[in-house]
Amino acid sequence: LRSGKRAIGAARRVLKNSDVIEDQSMVVKDLCSGHGLTGMLFAACNPPGRLKASMRVLLVDQSEPQSHSILRDLISEVCP
């Protein structure tokens, strides 16, 4: 989570210094994500409204294991 806080802090600084005011968004790309737990936890710990910018988490891997949908359902129950 410490690296997540650092990434959000860096993104805030970039967005703050950016000339673009509309559609400020952060995209976190979890490459080789496997079941996607890291990216899903990152999204769950940064819900909409916590940041001024919108956040999207993109999970990328060659295939989606069965555990992905189970984890997604469990996390969405706790962090809708």
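See the structure printed just above.
Residues numbered from 1 in each chain as written. Predicted model: local features only at pLDDT ≥ 70, side-chain atom pairs only at ≥ 80, totals over all residues. Heavy atoms only, no water.

**Q** Please give an account of the overall build of the chain that cites residues and values.
**A** A tally of regular secondary structure across the chain gives 3 helices and 2 strands. Going residue by residue from the N terminus, the α and β elements of the chain occur as α-β-α-β-α. Of all 80 residues assigned to the chain, the portion counted as buried reaches 22%. Of the roughly 6400 Å² of accessible surface on the chain, 55% is carried by carbon and sulfur atoms. (Helix = DSSP H or I, 4+ residues; strand = E, 2+ residues; numbered from the N terminus. Buried < 20%, exposed > 50% of the residue type's maximum accessible area, 1.4 Å probe, protein only. Areas by Shrake-Rupley, 256 points an atom, 1.4 Å probe, with all protein chains shown as cover.)

**Q** I'd love a proper account of the side chain of S33, names of residues and values included.
**A** Tracing the chain through its elements places S33 in the loop between β1 (25–31) and α2 (37–44). Excluding residues within four positions of it along the chain, S33 makes contact with L59, V60 and D61. (Contact = heavy atoms within 4.5 Å.)

**Q** Give me the lowdown on unusual backbone geometry, citing residues and values where you can.
**A** For residues that are not glycine, phi is negative in most cases, and the peptide bond is trans in most cases. In this model, C32 sits at a positive phi of 55°, which is unusual for a non-glycine residue. Relative to the helices and strands, C32 is located in the loop between β1 and α2. Overall, the relative accessible area of 70% leaves C32 in the exposed class.

**Q** Which residues make up the packing of α2 against helix α3 (residues 66–78), and what values do they have?
**A** Closest axis-to-axis distance for the α2/α3 pair is 10 Å, and the angle between their directions is 15°. Between α2 and α3, the crossing angle belongs to the class labelled roughly parallel. In this structure, the crossing between α2 and α3 has a hand that is right-handed. Side by side, α2 and α3 meet where L37, M40, L41 and A44 of the first sit next to H68, L71, R72 and I75 of the second. For the contact of α2 with α3, the class distribution of residues is 6 nonpolar, 1 polar and 1 charged. (Axes fitted to C-alpha atoms, helices over the stretch in contact; angles between N-to-C directions. Parallel < 35°, antiparallel > 145°, perpendicular 65-115°, else oblique. Left-handed = near helix turned anticlockwise from the far one by under 90°. Nonpolar A, V, L, I, M, F, W, Y, C, P; charged D, E, K, R; others polar.)

**Q** Outline the pattern of salt bridges, listing residues and values.
**A** Tallying each qualifying case throughout the model produces 1 salt bridge. A salt bridge links R72 to D73, with the nearest nitrogen and oxygen atoms 4.0 Å apart. With a relative accessible area of 39%, R72 lands in the partly exposed category. (Salt bridge = Lys/Arg side-chain N within 4 Å of Asp/Glu carboxyl O.)

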